[in-house]
Amino acid sequence: MEAAQLATTATETASEELSLDIRGLTKVFGGLRAVSDFDMTVPRGGLYGLIGPNGAGKTTVFNMITGLYAPTEGQILFQGQELSGAAPYRITRMGIARTFQNIRLFQGLTVLDNVRIAFHTHSGYNLVEAISRLGRFGRQERALTERAQDLLAVFGLQDRQLELAKNLPYGEQRRLEIARALATQPQLLLLDEPAAGMNPTESETLMGLIRFVREEFALTILLIEHQMRVVMGICEWITVMDFGQVIARGTPEEIRTNENVIVAYLGHASGREL
Amino acid sequence: MNRILAKTLLRPVVWVIYAALAAGLLYGIGYLVQLNGPTYFAQAILDGLRLGFVYALIALGYTMVYGIVRLINFAHGDVFMVGAFASYYAVARYGWSFVPAILFAMVICLLLNIVIERVAYKPLREAPRIASLITAIGVSFFLESFTALRFAFSADYITYKRPFEVTVWKFWGLSITNATVIIVGVTLALVLGLQYVIRRTKIGKAMRATSLDKSAARLMGINVDGVITFTFALGAALAGAAGTLYAIAFPQIWTFMGIMPGLKAFTAAVLGGIGSVPGAFVGSLLMGTVDVLVVSFLPLGSRLRDLFAFLVLIVVFLVKPTGIFGEPQVEKV
Amino acid sequence: MKRLQVPSWITTLAVALLAFFGVWYAKQGGHISVYWYQVVQLAAITAISALGLNLIYGFNGQFSLGHIGFYAIGAYGSALITKDYVTKWSGSQTGALAWMLAGQIGLVFALVLINKLGLPVVKKRISSSLSEHLAPHEANTLGTLAVLLISAASLAASVAVALGLHALLAPALETIISSLPEGASRPLIFALALINGGSIAALVSYLVGLALLRLGSDYFGIATLGFAVMVYTALQNSDLVIETMKGARGMVGIPPWSTWPWVAGGLVLLAIVMRNMLRSSHGRAMISVREDEIASQSMGVDVTQLKNLAFTMGGFYAGVAGALYAHLYGFLHPSSFSMIKGFDPLIIIVFGGLGSMTGTILASVMFALVIEGLRVILPQGFEDWRFVIYPIILLLIMLLRPSGLLGTSEWGWLRAPLPPERDIPVPNRSLRGSAVSASSEEE
């Protein structure tokens, strides 16, 4: 009895230092086990990767972390706090932001508004002040706009602020999505295939940008990616999924030579490296 | 300890609630049965189901069109009205009998709906969805007002002449007319026929494919425009039959008669889970039964029937937001 | 080169003043008949209602077909108050007003109470704590029972609050109104009636939204349409509850107090409120729900709250519009609030442009002109053709301009203000200098 209690206290103290602590996470759709008994920890300040072939369940994990799907089983702790069952907007307000695999910008709105919407929680004025234009409105609205513009500048989008999001070229849409996620002022940033559809030069730039952002905003980053160059290039630790289960975890070096991973990706292990 | 406490104390509470609910329901039904006698009650249920069968024919057209083009075709109720008038002219003016009359109504509605689809919906297929909804409302207004003109059907109530004499049979005090038998029979035949078309024929397969994914269907070589036209035609034929049967059941027709049955049939389709053929059928039977029960039992029922019809809809939505047979839609993220 | 621009609010104010005094002058100088004077007012009233629907559907993306129901509630709700002032149908000049105020405050009290108790959370907590010992359905039933009991208790409390308030309010209101000269009490009662029409509609709309907003888009549309039909049926039988509403015979004896200054003032005030709300953080968040609900949630936006806000505000607009309508002709009939009439605001906002306030106001005016203009243009004996030609016009417009007159664009002061000009510091020199701009130029 006492020993068990001690053990829980020990893990809880440990989880205080962890940004993310996922235990036994499972998601069943109808008869399909999309994610099965998934465990993962991400320390604060880490830059971790989650990889795996198509349909391995990576995005489902993201959707459960951000509250869009309710887990069938399992626990997600964010900085020691239980997340399962919380509404997505509450999870975002707790400090988790994300981007989407298939880019979900507010297409019909301007680049600036896309970012300002993500600042909504921190707008600093209430509805009455907004309608009457009195009180804190003027000052806070200007401050909010300037912060949004500064953030856009980090991503090289300062000259695009009045353009509609849907009119941006693909690479800029990807960057805008990251900027928008950062506007929610997260501690943990989840990037879902940030380099998808980018050419080598572009993904090179993106890698630099991710590193920069992590330093500048003191973030923990977890990213899903298909392009091995990107994952191997920037991640400190990688978890590999296949068919909803973790098949390997380790440093990029370890993953590169891991037989399970090579089988999952190439179908057979012939002494090659990824 | 806690566990035993919960089990011994709380579980009985739950079962008392269940028993009370069941008793309440039974008492309610029992009360209605003894209020005017069991025969009256059974007759009301029977009439309700008969109305439900007519609603089902209308609802199927709504639900099929919705399933394929995601359009609430507000003009469908007015196509139903045209069906009633077509059979009226066939019977009263030309002296046709029932079968040619109903076939005539079906063909007229079918042609009408093909024209409507070509003129009002097809040009807007790539436009925002709301645009075709507005044109559907426009077509509905047009059909109602145009047919109400003096040289068309006129805006008066017209007494519908049934194509056959009504015979009443008595079973244990229940009166069943040959009209009821015909309504139920024709509806069942048409619904089974429709199920056959959708499940077993090539065009039915194409319809199902189109409703799942229009662009994939097009890539598979399906003539999507053709399928859409076919769906509109099929739905309209059913509406034409429904118009005829409705007029036989309630022999008073006028050009605005399509609005309420149309709306209720659509609501029934939604109630059952839109896009689902069995759902439309069950929803319609429920809607018809509620309709007639309210009229038969509530004081002022005939004045308040629409209120209760939609109350049922909202209650069902509160319990099951996608209707009785509706699948919850999970948006892919 | 930048050239000096007139601030947009000046041009907009100028246009508004021109429109206001134009109509005023035409009326005072006898250049337009009473009939056309009423048509102009009706256009402005329709614009108020349509603005409300555009907020719900055009800006927030919730497909409501039940707007006419809230319009009707506002109309009848306010008519009961002013008719009381004129005819004392309830026994005293302010009886209806006192009851309505007390009832609304009681209801708000109950809602705040239920909200503070956090019922869904309570239910979840009870169910989950019990489910360790009991079967899920048993735990669920007990949770529901607890929630129902709490709701019933708070409703009872609110009834008590309402009764208490009424006992205080009724005599107080009566003394105030009777002590004022008629020149003061009449506009006061009218203003109170207008606000009441709006607030009753908003309250009902909040409740409807609470129950229905979680439905998917088309399901929500059909459920709200059902609500509107329920309101219509209830109004047809309203004489069963309140005799003076006269049910299907139509309510008479409402003082015709709506004049151009009241109507235009209402439109301007409500348009300013809506514009200011939309051009703020709350408004942008509201619009983001229309654009992408999932992304919106993921940006920390409380989607449910904003949907409720838009729907309640939209209901308020419909209610005020209905109240003004009730006092335009002094006569109300349920057929003015039928399902068919209910499509009018939808047609107007689609035609004007979903998500465009400017478009809505323009389209409302054009709508009134077309409907009434046809009445004038058509030769004798062809009046019935009005509703044959109108849908044809509608069809042609939709076929030619499926996204409406203005799309989502706005004019003048209604547009989103541009961010102030400033030099934006670029912190990330390496990215800006080389790869970022290079890669964006490649595309």
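Rules used throughout
Residues numbered from 1 in each chain as written. Chains lettered and ligands numbered in written order. Predicted model: local features only at pLDDT ≥ 70, side-chain atom pairs only at ≥ 80, totals over all residues. Heavy atoms only, no water. Helix = DSSP H or I, 4+ residues; strand = E, 2+ residues; numbered from the N terminus. Buried < 20%, exposed > 50% of the residue type's maximum accessible area, 1.4 Å probe, protein only. Contact = heavy atoms within 4.5 Å. Areas by Shrake-Rupley, 256 points an atom, 1.4 Å probe, with all protein chains shown as cover. Lys, Arg positive; Asp, Glu negative; His and termini not counted. Charge placed at Lys NZ, Arg CZ, Asp CG, Glu CD. Rg over C-alpha atoms; globule rule 2.2 N^0.38 Å. Salt bridge = Lys/Arg side-chain N within 4 Å of Asp/Glu carboxyl O. Polar contact = N/O pair within 3.5 Å; in protein donor to acceptor, adjacent residues only side chain to side chain. Pairing = 2+ DSSP bridges. Buried area = accessible area lost by both parts, 1.4 Å probe. Axes fitted to C-alpha atoms, helices over the stretch in contact; angles between N-to-C directions. Left-handed = near helix turned anticlockwise from the far one by under 90°. Nonpolar A, V, L, I, M, F, W, Y, C, P; charged D, E, K, R; others polar. Expected span 1.5 Å × (residues − 1). Bend = angle between axes of the 7 residues up to and from the residue. Core = buried A, V, L, I, M, F, W, Y, C linked by side-chain atoms within 4.5 Å. Parallel < 35°, antiparallel > 145°, perpendicular 65-115°, else oblique. pLDDT = per-residue confidence, 0-100.

### What to know about the overall build of chain C
When you go through chain C residue by residue, the secondary structure sums to 17 helices and zero strands. Dimensions of chain C along its principal axes, counting C-alpha atoms only, are 80 × 75 × 45 Å. Taken across its 443 residues, chain C has 53% of its residues classed as buried. Long-range contacts, defined as pairs at least 24 residues apart, comprise 78% of the intrachain contacts of chain C with a sequence gap of at least 6. Entry remark: accessible area of chain C is about 18,900 Å², with carbon and sulfur atoms responsible for 69%. One finds the centroid of the 26 positive side-chain charges in chain C at a distance of 6 Å from the centroid of its 22 negative side-chain charges.

### Remarks on the overall build of chain B
For chain B, the count of helices and strands is twelve helices and four strands. The C-alpha atoms of chain B give a radius of gyration of 22 Å, which matches the 20 Å a tight globule of 333 residues would have. Out of the 333 residues belonging to chain B, those deemed buried represent 54%. When the accessible surface of chain B is summed, it comes to about 15,000 Å², and 69% of that surface belongs to carbon and sulfur atoms. Considering chain B, the positive charge centre built from 26 side chains and the negative charge centre built from 13 side chains are found 8 Å apart.

### Some points on the interface of chain C and chain B
With 55 residues of chain C at the contact, the number on the chain B side is 60 residues. Viewed at the interface, chain B and chain C are joined by four salt bridges. A salt bridge links B:R303 to C:D239; the nearest nitrogen and oxygen atoms lie 3.6 Å apart. Across the chain C-chain B interface, the total number found is ten residue pairs in polar contact (both at pLDDT 80 or more). Where the side of chain C that touches chain B is concerned, the elements lending two or more residues are α6 (136-179), α7 (182-212), α8 (217-236), α13 (339-352) and α15 (386-400) of chain C.

### Quick notes on the pairing of strand β2 (residues 32-43) of chain A
Residues and elements named next belong to chain A. Alignment of strand β1 (residues 18-29) against β2, held across eight bridges, turns out to be antiparallel. Paired with L20 across the two strands is V42, which belongs to β2. The loop that links β1 with its antiparallel partner β2 comprises two residues; one of these, G30, has a positive phi angle of about 60 degrees.

### Some remarks on the interface of chain A and chain C
On the side of chain C, 43 residues touch chain A, which itself brings 57 residues to the contact. Summed over both sides, the interface of chain A with chain C buries roughly 4,200 Å², with 61% coming from carbon and sulfur. For the interface between chain A and chain C, the tally reads four salt bridges. Across the pair C:R422 and A:D150 runs a salt bridge, and its minimum N-O distance is 3.1 Å. Between chain A and chain C we count 14 residue pairs in polar contact (both at pLDDT 80 or more) in total. Those elements giving two or more residues to the side of chain A that touches chain C turn out to be α3 (88-94), α4 (111-118), α5 (127-132), α6 (137-154), α7 (170-183) and α8 (200-216) of chain A. By residue number, the principal contributor to the side of chain A that touches chain C is α6(A), which donates ten residues.

### With respect to unusual backbone geometry
Backbone geometry places A:R133, a non-glycine residue, at a positive phi of 60 degrees. Along the polypeptide, A:R133 turns up in the loop between α5 and α6. Positive phi is not limited to glycine here, since C:K246 has a value of about 60 degrees. Within the fold, C:K246 resides in the loop between α8 and α9 (260-278).

### What about the sheet that holds strand β4 (residues 73-78) of chain A?
Residues and elements named next belong to chain A. If you walk across this open sheet you meet the four strands as β2-β1-β4-β5, and the pairing is antiparallel. Of all strands in the sheet, those with a lone pairing partner are β2 and β5 (81-82), marking the two edges. Taken together, the five bridges between β1 and β4 define a ladder with antiparallel strand orientation. Looking at β4, one finds that T26 is bridged to E73. Across the face of the sheet, helix α2 (residues 58-65) comes into contact with β1, β2 and β4 while running at roughly 115 degrees to β1.

### Some thoughts on the packing of helix α14 (residues 357-377) of chain C against α15(C)
Residue and element names in this part refer to chain C. Where α14 meets α15, the closest approach of the two axes is 9 Å, and the angle between their N-to-C directions is 145 degrees. α14 and α15 meet at a crossing whose hand is right-handed. Two secondary-structure elements touch here, α14 through F367, V370, I371, L374 and R375 and α15 through R386, F387, I389, Y390 and I393. Residue composition of the contact of α14 with α15, grouped by class: eight nonpolar, no polar and two charged.

### A closer look at helix α2 (residues 34-59) of chain C
Residue and element names in this part refer to chain C. Taking 1.5 Å of rise per residue, the 26 residues of α2 would be expected to cover 38 Å, and the 35 Å separating its terminal C-alpha atoms lies within 8% of that figure. The largest bend along α2 measures about 30 degrees and falls at L53. Within α2, 22 of the 26 residues are buried, leaving the element largely enclosed by the surrounding structure. A positive backbone phi angle near 80 degrees is found at G61, which sits one or two residues after α2.

### Looking at the nonpolar core
By size, the foremost hydrophobic cluster in this structure holds 269 residues, and its most contacted members are A:F155, C:L332, C:F337 and C:L346. Ranked by the residues each element gives to this core, the list is headed by helix α2 (residues 38-69) of chain B, at 17 residues. C:F337 has contacts with C:I68, C:Y71, C:A72, C:A75, C:Y76, C:Y232, C:L235, C:Y325 and C:L332, leaving out every residue within four places of it along the chain. A:L25, A:M40, A:Y69 and A:L222 belong to the second largest nonpolar core, which has 25 residues in total.

### Description of the pattern of salt bridges
This model, assessed by the stated rule, comprises 32 salt bridges over all chains. Among the salt bridges present, the one from B:D306 reaches B:K264, with a minimum N-O distance of 2.8 Å. Here B:D306 is found in helix α12 (residues 301-319), whereas its partner B:K264 is found in helix α10 (residues 259-272), with 42 residues between them in sequence. Exposure class is identical for B:D306 and B:K264. Each is buried. Between C:E293 and C:K307 there is a salt bridge, with its nearest N and O atoms 3.1 Å apart. Of the two residues, C:E293 sits in helix α11 (residues 293-298) while C:K307 sits in helix α12 (residues 303-329), which places them 14 residues apart along the sequence. Classification of C:K307 as buried rests on a relative accessible area of 9%. Through salt bridges that share partners, B:R303, C:D239, C:E243, C:K246 and C:R249 make up one connected network.

### Looking at the environment of A:N54
Residues and elements named next belong to chain A. Mapped onto the elements, N54 comes out in the loop between β3 (47-51) and α2. On a C-alpha basis, the gap between N54 and H226 in space is 8.6 Å, while along the polypeptide they are 172 residues apart. Of note is the side chain of N54, whose polar atom sits 3.0 Å from the side chain of H226.

### Focus: the packing of helix α5 (residues 129-147) of chain B against α15(C)
The axes of two packed helices give the description: the angle between them and the distance between them. Close contact between α5(B) and α15(C) brings their axes to 8 Å; oriented N to C, the two are set at 160 degrees. What the angle tells us is that α5(B) and α15(C) run roughly antiparallel. The way α5(B) lies across α15(C) gives a crossing that is left-handed. Facing B:A131, B:I134, B:T135, B:G138, B:V139, B:F141, B:F142, B:S145 and B:F146 of α5(B), the residues of α15(C) in contact are C:F387, C:V388, C:Y390, C:P391, C:I392, C:L394, C:L395 and C:M398.

### With respect to the side chain of C:T360
Of note, C:T360 is situated in helix α14. Excluding residues that lie within four positions of it along the chain, C:T360 makes contacts with C:A47, C:A50, C:L51, C:N54, C:I348, C:I349 and C:G352.

### So, the confidence of the model for chain B
The predicted coordinates ought not to be read in detail in places where the model reports low pLDDT. On average, residues of chain B carry a pLDDT of 90, and 97% of them reach 70 or more. Ranking the helices and strands of chain B by mean pLDDT puts helix α4 (residues 98-121) of chain B first, with 96, and helix α1 (residues 2-35) of chain B last, with 84.

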